[in-house]
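# Summary of structural features
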Amino acid sequence: MLKDFFTKPKKKKYATIPSETAKSDVPEGIMSKCPNCRKILYTKELQKNLKVCIHCGYHHPMNAYERVESFLDENTFKEFDRHLQSENPLNFPDYLEKLQKDQQKTNMNEAVLTGSGNINDHEVVVAIMDSSFRMGSMGSVVGEKITRAIEEADKRHIPFIIFTASGGARMQEAVLSLMQMAKTSAALKKFSENGGLAISIMTHPTTGGVSASFASLGDFNFAEPGALIGFAGRRIIEQTVREELPEDFQTAEYLLKHGQLDAVINRLDLKEKITTVLEIHSQAGEITW
């Protein structure tokens, strides 16, 4: 007996497989893995940090309602045009069914959420694109909602702020989708001529017709760190120009370095920085970054 006490136990030659009961003890979704640094995070901790990785600073995608909660003052958001619905003018197969699925999944009527609210007591009109709805693609209703939001900001004489996240024009609506580029751009031009302040905040990804129109037409063009921003895909451009592009090509940092952006702002600092811009345009002062 004494001999057994001092003898090292033999290692098991088999693995212990947890039972289904043991697996169910860990609630689904309690942990999240950062796709950039590959580290495991508590989901609640990640959400508390506005979905910015505490290890590497990677900006995880946010849906439109999460943007509202993190960016606007509590209980100030009032939604516009929730009744607008897309049609299927080209009779594209299964298009309406796919829209209905995304509506149920996101609780949105389209790929952009528009409305008014306050940012540290400054009243603004916002348009927030959501990439989880048809990859944030721009159809006729998306263009109409953004245009109406710009016109509402013009009517109230308050700033317009848009968060972009899109794969570009929606192919199921063909030329009707492309027409939204001109419509939204014209609305922003009129808003600017009337003295309105437009702020564009590009998030990952902002591409195609969206990047080529209203996303790039703000009085201030900002972006989140690491956001993919561009018109055509990297491979297409490389094949066209027949040369290898820089590793950071079409990133927010690359565009800032080449003058297309005014600043790249960490999500954790965004509300404070935008508040500063709003204060500058509401009274005399100086901006400090």
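Let me begin by describing the structure that accompanies this report. (Residues numbered from 1 in each chain as written. Predicted model: local features only at pLDDT ≥ 70, side-chain atom pairs only at ≥ 80, totals over all residues. Heavy atoms only, no water.)

## Here we look at the nonpolar core
This is how the line gets drawn: For our purposes a nonpolar core is just a set of buried Ala, Val, Leu, Ile, Met, Phe, Trp, Tyr and Cys residues, chained together by side-chain atoms within 4.5 Å. Only protein chains enter the accessibility calculation, which uses a 1.4 Å probe. A residue is then buried if its area is under 20% of the maximum for its type, exposed if over 50%, and partly exposed in between. Secondary structure elements follow DSSP: runs of H or I of four or more residues count as helices, runs of E of two or more count as strands, with numbering from the N terminus. The contact criterion used is simple: two residues touch if any of their non-hydrogen atoms lie within 4.5 Å.
Counting 58 residues, the largest nonpolar core has F160, I161, I199 and I274 as the members making the most contacts within it. Counting residues per element, this core draws most heavily on strand β5 (residues 122-129), at 6 residues. Contact partners of I161, with chain neighbours within four places excluded, come to F71, I119, V124, V125, V126, A127, I199, I201 and I274.

## Some thoughts on empty space enclosed by the protein
Heads up, the condition is: Put simply, the grid is 1 Å and covers the protein atoms alone, a cavity is a trapped set of points that fit a 1.4 Å probe, a pocket is an open set with protein on both sides within 12 Å along at least five of seven lines, and lining residues have an atom within 4 Å of a point. Grid points are joined across faces, edges and corners, and a volume is the space filled by probe spheres set on the points. Under the scheme applied here, ten amino acids are nonpolar (Ala, Val, Leu, Ile, Met, Phe, Trp, Tyr, Cys and Pro), four are charged (Asp, Glu, Lys and Arg), and all others, including Gly, are polar.
Scanning the model with the defined rule gives 1 cavity of 30 Å³ or more in all. Approximately 30 Å³ is the volume found for the largest cavity. Taken together, the elements giving at least two residues each to the lining of the largest cavity come down to β6 (160-166) and β7 (198-207). Of the residues forming the lining of the largest cavity, the biggest block, 3 residues, is contributed by β7. Here the residues of the lining of the largest cavity are counted per class, giving 6 nonpolar, 2 polar and no charged.

## Quick word on helix α6 (residues 140-156)
Worth spelling out the cut-off: How far a helix is expected to stretch is found by multiplying one less than its residue total by 1.5 Å.
For α6, which comprises 17 residues, the first-to-last C-alpha distance of 24 Å matches the rise-based estimate of 24 Å (1.5 Å per residue) to within 8%. If you check which residues of α6 are buried, you get V141, V142, G143, K145, I146, T147, A149, I150, A153 and D154. On its buried face, α6 sits against β3 (78-79), β4 (112-119), β5, β6 and α7 (174-193). Count one or two residues on from α6 and you reach H157, which has phi positive near 60 degrees.

## Concerning unusual backbone geometry
In this structure, the amide linkage connecting H204 to the following residue, P205, adopts the cis form with an omega of -10 degrees. By the secondary structure assignment, P205 is in strand β7. The backbone of A174 sits at a positive phi, close to 45 degrees, despite the residue not being glycine. Tracing the backbone through its elements, the reader meets A174 in helix α7. Here the phi dihedral of Q250 falls at roughly 65 degrees; this positive angle occurs in a residue that is not glycine.

## Side note on the layout of surface pockets
Empty space among the atoms becomes apparent when a probe as large as a water molecule is rolled across them. Taken as a whole, the largest pocket holds about 290 Å³ of empty space. Lining the largest pocket are 19 residues, with Y58, H59, H204, P225 and G226 positioned closest to its centre. In the lining of the largest pocket, the residues fall into 8 nonpolar, 8 polar and 3 charged.

## Description of the pattern of salt bridges
Put simply, the rule is: Salt bridges are identified by distance alone: a Lys or Arg side-chain nitrogen within 4 Å of an Asp or Glu carboxyl oxygen.
Tallying each qualifying case throughout the model produces 16 salt bridges. Across the pair R156 and E152 runs a salt bridge, and its minimum N-O distance is 2.8 Å. Of this pair, R156 and E152 both sit in helix α6, 4 residues apart, which is roughly one turn of that helix. Judged by relative accessible area, R156 falls into the partly exposed class, the value being 32%.

## Here's the deal with the packing of aromatic side chains
The condition is simple: In summary, the pairing rule links any two rings of Phe, Tyr or Trp, Trp by its six-membered ring, whose centres are within 6.5 Å, and it sorts them by plane angle into stacked for under 30 degrees, edge-to-face for over 60 and tilted for everything else.
Following the criterion strictly, the structure yields 3 aromatic pairs and no others. For the ring pair F249 and Y254, a centre distance of 5.3 Å and an interplane angle of 70 degrees mean the geometry is edge-to-face. Note on accessibility: F249 and Y254 belong to one class, buried.

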